[in-house]
Amino acid sequence: MNAIKKIGLSALAGSLVAMSAHAAEVTMSGGASVAVTSSNKTNKSTFYQNDSITFKVSGETDGGLTVTTSMELDGDTAGTTAGMDSRSIKIEHADFGTVTFSGHGGDTVIGGWDDMTPTAYEEVWALTKTSAATPVGNSSIGGFGGNNLWRYDSPTFGGATFSASYNSASKTGSVNSYADWGVKFVPEALDGLSIGYAVGEHDESTSGTGNGTDVLGLDSSTLWVKYAIGSVTVGYQESEIDGPTTTQDDESTAMSISYAISDDLSVSYGTHELDLGSATATGTDQESSGFSASYTMGGTTISAAFNETDNIAGTATDDEESMEIALVFAF
């Protein structure tokens, strides 16, 4: 009987050791905010709330891979009920880089770099109605994307990091595939400088519908430069999309400057110009500008943005001014 007990205890101890070797770390983070926004289009002030909770489970395999599963709970579009939002699986290796599969909420390379100019709060083209035309979206030229997105990010070699992403076609064929790649370079010899360049291509298959994010035969690219010296950061970015016709050729130019008055208080000012191929009238480039500020104290941030856009979607008579003030809590 004692021998049986010893064998049983030994087996239990061995199983506990095996389990502890693959123990996972579970973390939870969240945030909540209340904001007020207004526009000269409506002459009304509107309050709204954002909130989300993110759960992450991370563990390391015997082969040295760190695997992290992330799931975000967020309100629906009406802000009334909680539901699953962004979710992903990330596989990391110190020598080979990181592979991420995003079931929802992932960024393509160009999508993550849609506006890299510095800002204290919102981009200057945000808040106003701006262009809703595909593929520009909210007036920034970004990469196509959707659910079930693959992405790879390499380790940094000599200040350079390579990234690539792939979004497969949908099962119904209503959305075609998209792929892009980019390189970010942070030279060690020049502190504060960072440069990024990326190109992307949307599947030219004619089987799609051409609606929503399914725009066929489009090539996109972006180039950005950002330089920080002391408390000042300046940025410049050019992006473009080339389509089968000239009405689908869009170009944008953005520039901004931010200043960290202290560790807690920052301000910024920027401009953004969008030349839409569909806007044929002279002098109807969509032009945005804005001022932002943010102040952080502990886990609480107060942010504000004052933006304006002229010639929205290339319409000379469509201008808008807007503002937003937000109180954000992080925990």
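Look a little higher up for the structure.
Keep in mind the model is a prediction, meaning the values are calculated, not measured.

Together, Glu201, Asp219, Glu238, Asp242, Glu251, Glu273, Asp275 and Glu287 make up a region of like negative charge exposed at the surface. Looking at the negative patch, the elements with two or more residues in it are strand 11 (232–242) and strand 13 (265–275). With respect to the helices, strands and loops of the structure, Glu238 is situated in strand 11.

A few words on the pattern of salt bridges. Across all of its chains, the model carries one salt bridge by this definition. A salt bridge links Arg151 to Asp153; the nearest nitrogen and oxygen atoms lie 3.2 Å apart.

Glancing now at the pairing of strand 1 (residues 25–39). Pairing geometry for strand 1 and strand 2 (residues 44–60), over 15 bridges, is antiparallel. Bridge assignment links Val34 to a residue of strand 2, and that residue is Gln49. Counted along the chain from strand 1 to the antiparallel partner strand 2, the turn is four residues long, and its residue Asn43 has a positive phi close to 55 degrees. Note: strand 1 against strand 16 (residues 320–330), nine bridges, orientation antiparallel. In the strand pairing of strand 16, Ser39 is matched with Ser322.

Turning to the nonpolar core, a few remarks are in order. Among the nonpolar cores identified, the biggest contains seven residues, and these are Val109, Ile110, Trp113, Met116, Tyr178, Ala198 and Trp224. One finds Ile141, Leu218, Leu274 and Leu276 within the second-largest nonpolar core, a separate group that totals five residues.

Within a regular strand, the side chains alternate between the two sheet faces. Side chains of strand 7 (residues 160–167) alternate between two faces, with Thr161, Ser163, Ser165 and Asn167 buried and Ala160, Phe162, Ala164 and Tyr166 left unburied. Where strand 6 (residues 149–153) and strand 7 come together, five bridges link them in antiparallel fashion. Residue pairing for strand 7: Asp153 is matched across the bridge by Ser163. A loop of six residues connects strand 6 with strand 7, the two strands running antiparallel in sequence, and Gly158 in this loop sits at a positive phi of about 60 degrees. When strand 7 meets strand 8 (residues 178–185), the two strands line up antiparallel, connected through eight bridges. Looking at strand 8, one finds that Ala160 is bridged to Phe185.

Attention shifts here to the packing of aromatic side chains. Within the structure shown, the criterion is met by four aromatic pairs. Between Trp181 and Tyr197, the aromatic rings sit 6.5 Å apart at their centres with planes inclined by 75 degrees, giving edge-to-face as the arrangement. Of the two residues, Trp181 sits in strand 8 while Tyr197 sits in strand 9 (residues 193–202), which places them 16 residues apart along the sequence. With relative accessibility at 38%, the residue Trp181 sits in the partly exposed group. For Tyr197, a relative accessible area of 38% puts it in the partly exposed group. Grouped by ring-pair contacts, the aromatic residues Phe162, Trp181 and Tyr197 constitute a single cluster.

Turning next to a nonpolar patch on the surface. Taken together, the side chains of Val234, Ile257, Tyr269, Phe291, Tyr295, Met297, Ile302, Phe306, Ile325, Leu327, Phe329 and Phe331 make up a nonpolar region of the molecular surface, amounting to roughly 1,100 Å² of accessible area. Contributing elements (two or more residues each) for the nonpolar patch: strand 14 (286–297), strand 15 (300–310) and strand 16. With respect to the helices, strands and loops of the structure, Ile257 is situated in strand 12 (residues 250–260).

Along the chain, Thr37 falls in strand 1. Measuring from C-alpha to C-alpha, the distance between Thr37 and Ala305 comes to 9.4 Å, with 268 residues separating the pair along the chain. When near neighbours in sequence (up to four residues on either side) are disregarded, Thr37 contacts Lys44, Ser45, Thr46, Tyr48, Met323 and Glu324. Polar side-chain contacts of Thr37 include one of 3.0 Å to the backbone oxygen of Met323.

Looking at the element boundaries, Ser289 is found in strand 14. For the pair formed by Ser289 and Tyr269, sequence separation is 20 residues and the distance between their alpha carbons is 7.6 Å.

Its identity is not glycine, yet Asn148 carries a phi of approximately 60 degrees, on the positive side. Locating Asn148 in the fold gives a position in the loop between helix 2 (109–112) and strand 6. One non-glycine residue, Asn311, lies in the positive phi region at around 55 degrees. Within the fold, Asn311 resides in the loop between strand 15 and strand 16. Its relative accessible area of 10% is what places Asn311 among the buried residues.

Conventions used here
Residues numbered from 1 in each chain as written. Predicted model: local features only at pLDDT ≥ 70, side-chain atom pairs only at ≥ 80, totals over all residues. Heavy atoms only, no water. Patch = residues over 30% accessible without salt bridge, like charges linked within 9 Å, V, L, I, M, F, W, Y side chains within 5 Å. Areas by Shrake-Rupley, 256 points an atom, 1.4 Å probe, with all protein chains shown as cover. Salt bridge = Lys/Arg side-chain N within 4 Å of Asp/Glu carboxyl O. Lys, Arg positive; Asp, Glu negative; His and termini not counted. Charge placed at Lys NZ, Arg CZ, Asp CG, Glu CD. Helix = DSSP H or I, 4+ residues; strand = E, 2+ residues; numbered from the N terminus. Pairing = 2+ DSSP bridges. Core = buried A, V, L, I, M, F, W, Y, C linked by side-chain atoms within 4.5 Å. Buried < 20%, exposed > 50% of the residue type's maximum accessible area, 1.4 Å probe, protein only. Phe/Tyr/Trp six-rings, centres within 6.5 Å; stacked < 30°, edge-to-face > 60°. Contact = heavy atoms within 4.5 Å. Polar contact = N/O pair within 3.5 Å; in protein donor to acceptor, adjacent residues only side chain to side chain.

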